[in-house]
Amino acid sequence: MSNTAISVKDLSKKYGDRFAVSHATFEVPLGTICGFVGPNGSGKTTTMRMLLGLIIPTAGTGEILGESIQHPNRYLPRVGAMIEGPAFYPTLSGAENLNVLARLGGFPLSRVQGLLEQVGLGDRAQSKYKTYSLGMKQRLGIAAALLPSPKLLMLDEPTNGLDPEGIQEVRALLRLLADGGTSVFVSSHLLSELELISDYLVMLRKGEVVFAGPMQNLMEAQQPVIIAKSLNEGDLPKLLALALKAGHHATIRDGAVHVQGPAQWAVEFNKAAFDVGIHLSQLTPQLPNLEKTFFEMTGDN
Amino acid sequence: MFNVMFAELRKLRRPSLFLGTMGAVVFFSALFSSLLFLLIDSPQGNSDRGRMIGREVLSLSTGGVQGFASVGTFLGIIALCVFAAQTAQEYTYGTLRNLLIRQPNRWLILLGKLKAMSIFATVMVIFSAIVSIGASVALAPRAKVPTDLWFGADGRHAILQTFINVLVSVIGFGTVGMILGLILRSPISAISFGVLWLLIVENLVIAVKNSTENWMPGAQLAAIAQGGTPTVSYSHALFLGGMYVLAGSIISSVLFARRDVSN
């Protein structure tokens, strides 16, 4: 049995002369939360649609839960998905909308109320969908994705429109599902959120995969930065010289010296500055974060 | 396919759609049958396009279903609108992607939807039959039309035959609506195109050149409901109308099965 939830090789989608997705190759291990990031128009949704059998790839192969993406009927009963935001019938209630999907997929209708409770819509189950706020619609979309008790959950921007409490709830829910063995493939613009929950990351830029692997590998490849400020701005060139002399790459920007180096070197840097008579007003080791890495790797700012 | 059908029926039974549609069915059925009897002596005629249906025709065994048969085209137009809206709205609401994730076999989606909407159309036709025949029975004495033959063996056969003809015609019209919904992917476009074609374009073309009535798709489906007309025979209408619906169904289904779902 395959130990990957998603595996794609050279997956491409071409519209006219333009590649929406170009030779994407990556794997997502079972039981992990995989963040799927990329700037707008980088091909995230197109990739998800190909994986769900909604659009036909121009080239390449893929497997979901060990089944070829050419046969979505073999794996979709075990996959939950919300693509490009929630979409439901406005004149039906939340519960009726889920009943339609439950009936369609052959899932027990008795699951519906429990799922609505799980996403915090228990008391609004009978309200019409058109009366829901954006956050409530999003929650209903997540409930619909959970209908099949999925082995793989694919969510496209699930936290759009949610308040901070809702975002925290979604994060906890995804963690809970992953701990229970569900693989989660989630795209989001909230990179700080993905950084908190993702074990794995796939990064796209202009339809091409620029990184695919464990989140830890990506972060370890990035150098931490030490930011130092002096009471006297005239001391900055001297601080820069100290950092360069110690063999670190450093620059002056925004009234501070930015030194690329391990966080522990901050102690030595402080001592060296003190020895030449410079009193630092700020010394902050800054660990790499996903947002900064994302901008560096995708060239977006 | 049954899962798709039951899921679709859940959407079709929502009160705004079900009661609204059945209300229109009852109104038009009562109106057409009432006019047939209330205007029986009018020199402007009492039926479709100013035709006169006299007491001698209405007193035959087929007299009780004259109103029901003549409302068939209107029922068809209602069915066209419902089928088109139910199909095209999946694109405009973006719900098609949900359907295809839960049932990736696109042919089953189409068959299940068609089956559910055909059940809805059957309910429409049953309502219409009850109201039309009921109104005819109620108004016949006032119009001095004898009803002795309406419910004899021949009368019951006429009711059954007209019911089947109207049902086939209504499902045919509805299928045309579904085809338009699949091709145009917008309820407004599909309904506008269908209704304008059936009510205006076809009538204009037929008015200019009478012989085209034998070839227009809407005219064939209307003729089926009436069991044939003086200008279009029943068998011709059944064959040609069936061909139109079959060809449209094949083209739209193949498009649906192959087209990317990108909204």
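Everything numeric here is computed off the predicted structure, so don't read it as measured data.

Helices and strands together make up the secondary structure of chain A, namely 11 helices and 14 strands. Principal-axis analysis of the C-alpha atoms gives chain A an extent of 75 × 45 × 35 Å. Within chain A, the fraction of its 301 residues that count as buried is 43%. Across chain A, the fraction of contacts at a sequence separation of at least 24, relative to all contacts at a separation of at least 6, is 69%.

Attention now goes to the overall build of chain B. Secondary structure summary: chain B contains 11 helices and zero strands in total. The helix and strand sequence of chain B, counted from the amino end, reads α-α-α-α-α-α-α-α-α-α-α. Taking 2.2 N^0.38 as the reference for a compact globule, 263 residues should give roughly 18 Å; the C-alpha atoms of chain B span a radius of gyration of 19 Å, in line with that estimate. Overall, the C-alpha framework of chain B stretches about 60 × 40 × 30 Å when taken along its three principal axes. By the burial criterion, 46% of the 263 residues in chain B qualify as buried. Long-range pairs, those at least 24 residues apart, make up 77% of the contacts in chain B between residues at least 6 apart in sequence.

Attention now moves to the sheet that holds strand β2 (residues 18-29) of chain A. Residues and elements named next belong to chain A. Here four strands make up an open sheet; going across it, the order is β2-β1-β4-β5 and the pairing antiparallel. One side of each edge strand has no neighbouring strand; the edge strands of this open sheet are β2 and β5 (67-68). Bridge analysis of strand β1 (residues 4-15) against β2 gives eight bridges, and the strand direction is antiparallel. When the sheet's bridge partners are listed, Y15 is paired in β2 with R18. The strands that helix α1 (residues 44-51) touches are β1, β2 and β4 (59-64); relative to β1, the one it contacts most, it runs at about 115 degrees.

All names here are of chain B. Relative to each other, helix α1 (residues 2-12) and helix α7 (residues 106-139) sit at 45 degrees, their axes nearing to 8 Å. Here α1 is positioned oblique relative to α7, judged by the angle of their axes. For the pair α1 and α7, the sense of crossing is right-handed. Taken together, the residues of α7 that come into contact with α1 (itself represented by V4, M5, E8, L9 and L12) are L108, I109, G112, K113, K115, A116, M117, I119 and F120.

With that settled, consider helix α10 (residues 217-225) of chain B. Think of an α-helix as 3.6 residues a turn; residues three or four steps apart then line up on the same face. Residues and elements named next belong to chain B. Of all the nine residues making up α10, nine are buried; the element is thus mostly covered by neighbouring parts of the structure. Along α10, the positions that sit buried rather than exposed are P217, G218, A219, Q220, L221, A222, A223, I224 and A225. Directly after α10, the chain includes G227, whose backbone phi takes a positive value near 70 degrees.

Before going further, it helps to examine α1 of chain B. Buried within α1 of chain B we find V4, M5, A7, E8 and K11 of chain B. The buried residues of α1 of chain B occupy an angular sector of 165 degrees when the element is viewed end-on, so they sit on one face. For α1 of chain B, the elements touching its buried residues are α3 (94-105) of chain A together with α5 (72-92) and α7 of chain B.

Chain B puts 23 residues into the contact, and the matching count from chain A is 25 residues. Contributing elements (two or more residues each) for the side of chain B that touches chain A: α1 and α6 (96-102) of chain B. Taken together, the residues of the side of chain B that touches chain A break down into nine nonpolar, eight polar and six charged.

With that settled, consider the sheet that holds strand β13 (residues 256-260) of chain A. Residues and elements named next belong to chain A. In spatial order, the strands read β12-β13-β11-β14; together these four strands make up an open sheet with antiparallel pairing. In this open sheet, the two strands that pair with only one neighbour each are β12 (249-253) and β14 (280-286). Recorded for the sheet is a direction-independent mean angle of 20 degrees between the axes of neighbouring strands. Both strand β11 (residues 225-230) and β13 contribute to a ladder of four bridges, which runs antiparallel. Its bridge partner lying in β13, I227 is registered against H258. In the packing of helix α10 (residues 265-275) onto the sheet, the strands contacted are β11, β13 and β14, and the crossing angle to β14 comes to about 160 degrees.

The subject of this paragraph is unusual backbone geometry. Working note: non-glycine residues mostly have negative phi, and peptide bonds are mostly trans. Residue and element names in this part refer to chain A. Unusually for a residue other than glycine, L65 sits at a positive phi of about 50 degrees. Along the chain, the position of L65 falls in the loop between β4 and β5. Despite not being glycine, K206 shows a phi value in the positive range, around 50 degrees. Along the polypeptide, K206 turns up in the loop between β9 (200-205) and β10 (208-214).

Our next topic: the environment of T91 of chain A. Relative to the assigned elements, T91 of chain A resides in the loop between β6 (79-82) and α3. Residue T91 of chain A is classed as partly exposed on the basis of its 15 C-beta neighbours within 10 Å. For the pair T91 of chain A and L65 of chain A, spaced 26 residues apart in sequence, the C-alpha separation works out to 35 Å. When near neighbours in sequence (up to four residues on either side) are disregarded, T91 of chain A contacts K128 and K130 of chain A together with R14 and S16 of chain B.

A few words now on the packing of helix α2 (residues 15-38) of chain B against α7 of chain B. Residues and elements named next belong to chain B. Look at α2 against α7: their axes get within 8 Å of each other, and the N-to-C directions meet at 30 degrees. Here α7 runs roughly parallel to α2, going by the angle between their axes. α2 and α7 meet at a crossing whose hand is right-handed. Across from T21, M22, V25, V26, S29, A30, F32, S33, S34, F37 and L38 in α2, the residues of α7 making contact are M124, F127, S128, V131, S132, A135, S136 and L139. Each residue belonging to the contact of α2 with α7 can be placed in one class, and the counts come to 12 nonpolar, seven polar and no charged.

To continue, consider the pairing of strand β7 (residues 152-156) of chain A. Residue and element names in this part refer to chain A. Here β7 lies mainly inside the structure; five of its five residues are buried. On β7, burial covers both faces: L152, M154 and D156 on one face and L153 and L155 on the other are all buried. Two strands pair when backbone bridges link them, and β6 and β7 are joined in this way by four bridges, in the parallel orientation. Directly across from G80, in β7, lies its bridge partner L153. The pairing of β7 with strand β8 (residues 183-187) spans five bridges and is parallel. What sits directly across from L155, in β8, is V186.

The biggest cluster of nonpolar side chains holds 145 residues, and the ones touching the most others in it are A143 and M154 of chain A together with L75, A79 and V170 of chain B. Residues in contact with M154 of chain A, not counting those within four places in the same chain, are M48, L51, L52, V79, A81 and F185 of chain A.

Analysis parameters
- Residues take numbers from 1 onward in each chain, read along the sequence in its written order.
- Written order decides the labels, with chains lettered from A and ligands numbered from 1.
- For a predicted model such as this one, the threshold for reporting local features is a pLDDT of at least 70, and the threshold for listing and counting side-chain atom pairs is 80 or more; totals across whole chains, interfaces and linings nevertheless cover every residue.
- Numbering of helices and strands starts at the N terminus; helices are DSSP runs of H or I of at least 4 residues and strands are runs of E of at least 2.
- Working definition of burial: number of other C-beta atoms within 10 Å of the residue's own, with buried at 20 or more, exposed at 12 or fewer, and partly exposed in between, all C-beta atoms being placed from the backbone.
- Contact between two residues is assigned when their C-beta atoms, built from the backbone, lie within 7 Å.
- Taken over C-alpha atoms, the radius of gyration is set against a globule rule of 2.2 Å times the number of residues to the power 0.38.
- The pairing criterion is simple: DSSP has to find at least two bridges between the two strands.
- The convention used is that axes are lines fitted to C-alpha atoms, helices contributing only their stretch in contact, and that angles between N-to-C directions extend from 0 to 180 degrees.
- With respect to orientation, any angle under 35 degrees is reported as roughly parallel, any angle over 145 as roughly antiparallel, any angle of 65 to 115 as roughly perpendicular, and every other angle as oblique.
- For a crossing to be left-handed, the near helix must be turned anticlockwise from the far one by less than a right angle; the clockwise case is right-handed.
- The arc in question is traced by the directions running from the helix axis to the C-beta atoms.
- Residue classes follow a fixed rule: Ala, Val, Leu, Ile, Met, Phe, Trp, Tyr, Cys and Pro count as nonpolar, while Asp, Glu, Lys and Arg count as charged, and any other residue, Gly among them, counts as polar.
- Take the buried Ala, Val, Leu, Ile, Met, Phe, Trp, Tyr and Cys residues, join any whose C-beta atoms are within 7 Å, and the set you get is a nonpolar core.

These results come straight from atomic positions and should not be treated as a statement about function.
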